[in-house]
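# Survey of secondary and tertiary structure
As a plain string of letters, each chain reads:
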Amino acid sequence: MPTRVLIEGGWVFAGEGDGPFEILEDAVVAVEGERIAYVGPAAGLPADWAPTRRIDARGKAVLPGFVNAHTHHAMTLLRGYADDVPLMPWLREHIWPAEENLTGDDVYWGTLLAIAESLQAGVTTFADMYFFMDRVAQAVLETGVRAHLSRGLIGVAPGSDRALEEGRELVATFQGAGEGRIRCALAPHAPYTCPPEFVRQVLAAAEKLACPIHTHLAETKAEIEEIRAQYGKSPIRHFADLGVFEHETLAAHCVHLESEDIEVLARHGVRVAHNPISNCKLASGIAPVTELLEAGVTVGLASDGAASTNHLDMFEEMRLAANLQKVSRMDARALPAWQTLRMATVGGARALGFDKLGCLAPGYLADIVILDLNAPHLWPRHDLTSLVVYSAKAADVDTVLVHGRVLVDGGELLTIDMERVEHEVQARAERLARAARRG
Ligand SMILES: [Zn+2]
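This one's a predicted model, so the numbers in the text were calculated from it and none came from an experiment. (Residues numbered from 1 in each chain as written. Predicted model: local features only at pLDDT ≥ 70, side-chain atom pairs only at ≥ 80, totals over all residues. Heavy atoms only, no water.)

### Structural notes on the environment of F245
Within the secondary structure, F245 is located in the loop between helix 8 (235-241) and strand 11 (249-253). Since its relative accessible area comes to 4%, F245 is described here as buried. A sequence separation of 197 residues divides F245 from D48, and the C-alpha atoms of the two residues are 49 Å apart. (Helix = DSSP H or I, 4+ residues; strand = E, 2+ residues; numbered from the N terminus. Buried < 20%, exposed > 50% of the residue type's maximum accessible area, 1.4 Å probe, protein only.)

Below, the structure written as structure tokens:
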């Protein structure tokens, strides 16, 4: 018999789709196996539906799990390693030299740290692009989270053929693993690191494997200028002309867009991962999220790697995303709280191509976050969506379920040994920094 979890007495953020949430007071969420069986008043639950576990959610908000739509999880090892540096020198002088010394074990432990931090902040799914991705898949399978995984491919680097082979192997081995918790993609890193011939090779492999594409696009002004000088068009137009968007594509950043670029993204159904803090901290710019949403583009919210963002907290990303749209458009109505929360949940789920994920409704996958509202910064209760988006913090996350299984219980991680993780990452981070300094 499948497990049956009954979440009782909370304010449930219910309702499918893109609109404002339907917030049900004193409602229940019934989970059977990996899916939500029922959402509504307790009286509506069949009398013979006996739970194997009850969770008391009185005084708490019950939300869909957050989806971090673009990250490089193992970069937690480089958190705080090179801050206050612009993107290109940051990559070329600091990050890439440090990454040269990374081992598969480093990536495994760095990813476990990121999963721990994410879970305790209510993130149930993430899209990761990095290397040693078989070790990331191992961490995902062991901890019980959900992920969209791809081996980052840099066409201009030596060993790009081997990297593509590893990317293929990842897809062949892990597509659909963990009862469908893992989706795999191929990841040509960006137009400025992948020449056309290499992109075509990646697309041919994606065609064969019938897998999606994950990439970085239009992140900085420097990239726009470089691609224009080289190919006479914008990065979006360039990738469209290469045929990238004939494949299901997840494009991170999309900061510098012409209106024609937005049309191209909308027409091809390209999904965008918006990284507000990373785009601020690396001085990349403000993505036109409002225009993208108006054009019908699916947009998910993301942290990017912790080496650029310094944390993996979707509450902070939500707050900055909403505030950036308001101030850049000089319009306080831009990106309202409910739309921001949709972007952080179902928007991300759609961006990553997970079906029936990101809403609290029957038939949806049971990825659920229970937020404790009993804190001074969460009184009084006027509008609960505003409270969650503008006032709540990661530390308010109490319980987290992924695929119907409780992974965080009363704030405690059930599938990760944090003491071991802390010890491993500190030793490994010190070794990496020493090796990079020696060059
Ligand atoms: Zn990235």
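### Overview of the domain arrangement of the protein
Domain annotation for the protein reports domain 1 (4-64 + 358-413) and domain 2 (66-351). Taking the mean C-alpha position of each, domain 1 and domain 2 sit 28 Å from one another. The partner domain 2 presents 31 residues to the 36 residues of domain 1 that form the contact. Summed over both sides, the interface between domain 1 and domain 2 buries roughly 2,700 Å², with carbon and sulfur atoms accounting for 62% of that surface. A per-residue breakdown of the area domain 1 buries against domain 2 is headed by V389, Y390 and H403, which together make up 22% of the total. (Domains from an automatic or database assignment. Contact = heavy atoms within 4.5 Å. Buried area = accessible area lost by both parts, 1.4 Å probe.)

### Looking at the coordination of the zinc ion
Only H70 (NE2), H72 (NE2), H216 (NE2) and D304 (OD) from the protein reach the zinc ion as donors, at distances of 2.0 to 2.6 Å. For the zinc ion, the four donor atoms are set out with angles of 84 to 169 degrees between them, so the coordination reads as irregular. Take H216: its relative accessible area is 4%, and that puts it in the buried class. (Donors = N, O, S within 2.8 Å, 3.2 Å for Na, K, Ca; no water. Tetrahedral: all angles 85-135°; square planar, octahedral: opposite > 155°, others 65-115°.)

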